[in-house]
Amino acid sequence: MAFWSPTSSLPLLGLLSVILFLRPTPVVTFPSGIRHGIIRKPSSSYPPFRPFREAPAYRNGDACGSSPADRIHVVMTLDANYLRGTMAALLSILQHSTCPENIDFHFLWSHLEPNIFSTIKSTFPFLRFKLYRFDSNRVRGKISKSIRQALDQPLNYARIYLGDILPADVRRVIYLDSDLVMVDDIAKLWGVVLGGKVLAAPEYCQANFSKYFTSAFWSNPGFARTFDGRQRACYFNTGVMVVDVEKWRQGGYTKKVEEWMAVQKKMRIYQLGSLPPFLLVLAGNIQPIDHRWNQHGLGGDNLEGKCRDLHPGPISLLHWSGKGKPWLRLDSRRPCAVDNLWAPYDLYRSSPVSSLEE
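Residues numbered from 1 in each chain as written. Predicted model: local features only at pLDDT ≥ 70, side-chain atom pairs only at ≥ 80, totals over all residues. Heavy atoms only, no water.

S.K.: Would you mind showing me how to read the state of the cysteines here?
M.R.: By definition, a disulfide links the sulfur atoms of two cysteines through a covalent bond. Scanning all chains against the criterion turns up three disulfides. Bridging Cys205 to Cys234, the disulfide has an S-S length of 1.9 Å. When the S-S torsion is 100°, as for the bridge of Cys205 with Cys234, the disulfide is right-handed. In this pair, Cys205 sits in the loop between β8 (203–204) and α6 (215–218) while Cys234 sits in the loop between α7 (221–224) and β9 (235–236), placing the two residues 29 residues apart along the sequence. (Disulfide = S-S within 2.5 Å. Helix = DSSP H or I, 4+ residues; strand = E, 2+ residues; numbered from the N terminus.)

S.K.: What's the story with the nonpolar core in this structure? I'm lost.
M.R.: Generally speaking, soluble globular proteins have nonpolar side chains that are buried together. Within the largest apolar cluster, 56 residues are counted, with the highest numbers of intra-cluster contacts made by Phe105, Phe107 and Leu176. A total of eight residues in this core trace back to one element, the largest contributor, which is helix α1 (residues 83–95). In this structure, Leu176 is in contact with Val74, Val75, Met76, Ile93, Met182, Ile186, Gly239, Val240 and Leu317, ignoring residues within four places of it in sequence. (Core = buried A, V, L, I, M, F, W, Y, C linked by side-chain atoms within 4.5 Å. Buried < 20%, exposed > 50% of the residue type's maximum accessible area, 1.4 Å probe, protein only. Contact = heavy atoms within 4.5 Å.)

S.K.: Sorry if this is basic, but what is going on with the confidence of the model for the protein chain here?
M.R.: Segments scoring low in pLDDT should not have their predicted coordinates read at a detailed level. Across the protein chain, the average pLDDT comes to 84, with 81% of residues at 70 or higher. Every residue in residues 5–46 is under pLDDT 50, and counting partners more than four places away or in other chains gives 102 contacts. Low pLDDT (under 50) marks residues 351–358, which in the prediction has 11 contacts with non-local residues, meaning those over four places away or in another chain. (pLDDT = per-residue confidence, 0-100.)

S.K.: Explanation requested: the side chain of Asp184 in the structure shown.
M.R.: One can find Asp184 in the loop between β6 (180–182) and α5 (186–190). Taking the relative accessible area as the measure of exposure, Asp184 reaches 3% and is therefore buried. Of note is the side chain of Asp184, whose polar atom sits 3.0 Å from the side chain of Lys188. (Polar contact = N/O pair within 3.5 Å; in protein donor to acceptor, adjacent residues only side chain to side chain.)

S.K.: Help me out: how do you make sense of helix α9 (residues 253–266) in this one?
M.R.: Structural remark: α-helix, 3.6 residues per turn; residues separated by three or four positions point the same way. The first and last C-alpha atoms of α9 sit 21 Å apart over 14 residues, in line with the 20 Å expected at 1.5 Å per residue. Residues of α9 that are buried: Tyr253, Thr254, Val257, Glu258, Trp260, Met261 and Gln264. Seen from one end, α9 has its buried residues packed into an arc of 160°, which puts them on one side. Relative to its buried face, α9 has exposed residues pointing more than 90 degrees away, namely Lys255 and Lys266. Where α9 is buried, its residues touch α4 (162–165), α6, α7, α8 (245–250) and α10 (275–282). (Expected span 1.5 Å × (residues − 1). Arc of directions from axis to C-beta.)

S.K.: Quick question: what am I supposed to make of the sheet that holds strand β5 (residues 172–176) here?
M.R.: Strands pair in a sheet through their backbones, by hydrogen bonds, and they do so in one of two ways: parallel or antiparallel. Strand order in the open sheet formed by seven strands is β4-β3-β2-β5-β10-β7-β11, and the pairing between neighbours is mixed. Since the sheet does not close on itself, it has two edges, and those belong to β4 (129–133) and β11 (287–288), each with one partner. For β5 and strand β10 (residues 240–244), the ladder comprises five bridges, and the chain directions are antiparallel. Bridging from a neighbouring strand, Ile174 pairs with Val242 of β10. The sheet contacts of α1 involve β2 (72–77), β3 (103–109) and β5, and relative to β3 the element is tilted by about 165°. (Pairing = 2+ DSSP bridges. Axes fitted to C-alpha atoms, helices over the stretch in contact; angles between N-to-C directions.)

This is how it looks when you write it as structure tokens:
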């Protein structure tokens, strides 16, 4: 865990810590020779080029258990455009975990890009992970155009369908976006008490909740009463969630979210992507957890992505939600100060020449 105060420079003590890692689990074999969508391959005069450096092998501490009850399930999506962020997130989670071999990763994907999967295997040879295909046709007719194109991608809606995609024996998960790094032991997040709620996440009650919905929503008397009977409805970010998947299934929450998406197709009641229907269904009815678990908004807003400072207080997870992504700003030689906190976890090789010199 790290701590930030307004008077400090940008210290996140322990961002670069010693390295332990996970045992390989055969998952799936993919054909080779298919072009990668985001990495330019070198000419044939170079030896085979792997776009990411191999991560060290992280191992469990002596106090780690080995029973099924000791497993931690983490769900992330796999998108070629965010692969560099995913790799950094994985490294940060493993590096700060006391029991990294107890983490099972569940990756959701919608487009067959075999090089992505082989890249994960070569970068994290000891990673325990499974792959699940998300059928984007499930949401294509349900997505409404939002203020940023990236928010309209079908895979951004896959988190709604965790109960349908994951096997029945996966009853609880941590869902994480790809544009973040963990600077604390993920077991602490896994251990939060849900208190009978289907979902736990940091709440931000100081945010202007009404701005997440349009005047068409608030002027409709029926819609405006949506949050009646709940405790105070507050904004929460869906990029970091602890989810009781079994309770999600039992409560039919996928259908509840889809119903609001159908309303949005008929009359525009919000501007963002998959977040507002989550708020409509769950705001004011989740288990709030410490803000340290989602220092979000580091990517700026959804339109310009301007630099933002860290909020005061302890930090366990840094999240570049918003338009600006740290790898793009670093590559452009115009990084924000907070992007330097992401850089130590970047495993990307910038070119074949630099990789040969390492």
